[in-house]
Amino acid sequence: MDLQNKAKKSVAMPGIRGPSEYSQEPSRDPSLKVNAKEPFNAEPPRSALVSTYVTPVHLFYKRNHGPIPIVDHIQSYSVAFTGLIDNPRNLSIKDIRSLPKYNVTATLQCAGNRRTAMSNVRNVRGVGWDVSAIGNAVWGGAKLADVLELLGIPKLTASTVLGGRHVEFVSVDRCKEENGGPYKASIPLSQATNPDADVLLAYEMNGEILNRDHGFPLRVVVPGVIGARSVKWLDSINVLAEECQGFFMQKDYKMFPPSVNWDNIDWSTRRPQMDFPVQSAICSLEDVQMVKPGKVSIKGYAVSGGGRGIERVDISMDGGKSWVEASRTQKPGKHYISDHNSSDKWAWVLFEATIDVSQNTEVIAKAVDSAANVQPENVESVWNLRGVLNTSWHRVLLRLGHSNL
């Protein structure tokens with residue numbers, strides 16, 4: 001068996017297992033909006049997202065593809081590093097914890113965030129997310145670049161001597177899309193070995209040990225990239241010549257034009273989506289909100305992929321004919337400057353503006369990132385059959401009436 005094929009095989013590590021049914025799921029916060037129970041997929045109320053810069057663990061969205069893995073013996077758990085490397089080996093949690101620990105504040109966002117609005121235009125397939133399949137956390141762990149260096153792969157390496165150019169993450173999580181096999185995804189080796197990319201093998205979230213829903217005992221966090229690549233419950237990490245051939249890399253999470261349907265789709269014509277585009281959403285108001293005449297506070301989040309900062313968030317009350325700029329913040333008490341070293345480059349910004357409402361009004365938010373990428377005006381222009389990457393202008397309708405706002 002050659003190394004490439006050997007790397008594609010995954011054997012469940014001792015100490016952790018992926019159950020075949022849902023009888024041992026962890027408890028969850030009752031305020032979460034449940035979009036699916038088996039597997040469990042849920043998001044917090046949108047108003048909870050703008051109450052704090054760092055999303056509390058219990059309110060962080062949950063995206064799963066099977067029953068939550070169970071850790072029986074943490075002392076027996078290890079991750080196998082295999083593939084096109086000179087020094088394949090297993091590393092325990094103790095081995096990984098012995099490396100320098102980094103805390104990285106990073107926003108994770110499901111590629112299907114805001115899918116519901118896209119399904120209102122034309123039918124799409126996927127979990128019916130509102131605007132809350134997103135969260136911002138402080139992830140603690142070892143940099144993948146340090147771990148790979150421990151295995152003999154120098155930092156800033158694009159290819160190993162044996163021809164490895166991609167790093168595949170294989171989960172203990174079993175899913176029907178893989179015919180009962182493991183969930184998996186990959187990133188380029190050049191990204192994995194770049195310390196500035198801040199890819200983590202994380203064992204903490206917001207200063208606490210990862211809980212089961214979020215990947216205990218170990219997960220990868222790939223900042224600036226759609227959440228599907230931040231694989232939870234790591235089983236093995238494999239260095240491959242080609243990108244991962246798993247279902248969620250090759251037959252999902254790709255961006256197709258509105259003209260493609262389930263009869264003419266050719267998955268091989270598009271590359272797997274990695275960086276997420278510039279995005280914003282209003283969270284202090286529902287899609288249709290009753291308000292009293294007068295001042296109304298507009299609050300929400302804005303974020304872009306690839307480490308790009310948010311240069312501006314604009315608010316309109318007249319269909320986009322005129323705009324006012326919202327204030328932007330990250331860390332409390334600190335002035336936010338896009339792409340400045342004092343800012344968290346992988347994290348969202350929270351925005352706020354106050355408007356004066358005297359009649360029924362549609363409020364629009366759009367963000368501009370530091371590369372001058374702008375959200376598209378209409379959802380129709382970005383509609384796709386899987387309902388991913390809805391980054392169109394976010395709109396809410398304010399109706400005058402009795403309200404506590």
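Residues numbered from 1 in each chain as written. Predicted model: local features only at pLDDT ≥ 70, side-chain atom pairs only at ≥ 80, totals over all residues. Heavy atoms only, no water.

Per an unreviewed UniProt entry, the protein goes by Sulfite oxidase and derives from Brassica carinata. According to the UniProt record, the Cofactor (unreviewed entry) comment for the protein reads "Mo-molybdopterin". (UniProt positions renumbered as here; feature names shortened; annotations may be inferred.)

Caption draft 1: Examining the overall build of the protein more closely. Counting its regular elements, the protein contains 7 helices and 24 strands. By the compact-globule yardstick of 22 Å for 405 residues, the protein fits well, its C-alpha radius of gyration being 21 Å. Along the first, second and third principal axes, the C-alpha set of the protein runs to 70 × 50 × 40 Å. The proportion of buried residues among the 405 residues of the protein is 56%. Pairs at least 24 apart in sequence give 73% of the contacts found in the protein among residues at least 6 apart. (Helix = DSSP H or I, 4+ residues; strand = E, 2+ residues; numbered from the N terminus. Rg over C-alpha atoms; globule rule 2.2 N^0.38 Å. Buried < 20%, exposed > 50% of the residue type's maximum accessible area, 1.4 Å probe, protein only. Contact = heavy atoms within 4.5 Å.)

Caption draft 2: Representation of the environment of N179 in the model. Along the chain, N179 falls in the loop between β10 (166-174) and β11 (182-188). Placed 68 residues apart in sequence, N179 and F247 show a C-alpha to C-alpha distance of 9.7 Å.

Caption draft 3: Representation of the packing of aromatic side chains. With the rule as written, the count across this model stands at 10 aromatic pairs. Relative to Y61, the ring of F60 lies with its centre 5.6 Å away and its plane at 20°, an arrangement referred to as stacked. There is no split in this pair, since F60 and Y61 are both buried. Ring geometry for F247 and F248: centres 5.1 Å apart, planes at 80°, overall edge-to-face. One aromatic cluster is present, built from ring pairs that chain together F60, Y61, W129 and W139. Sitting above the plane of the W323 ring, K366 keeps its charged end 4.5 Å from the centroid. (Phe/Tyr/Trp six-rings, centres within 6.5 Å; stacked < 30°, edge-to-face > 60°. Lys NZ or Arg CZ within 6 Å of the ring centre and 35° of its normal.)

Caption draft 4: Representation of the nonpolar core. Membership of the largest hydrophobic core comes to 62 residues, with the highest contact counts inside it found for F81, L144, F169, L201, L218, L234 and Y301. Formed by 22 residues, the second largest nonpolar core is a distinct cluster that contains V278, L285, V349 and V357. (Core = buried A, V, L, I, M, F, W, Y, C linked by side-chain atoms within 4.5 Å.)

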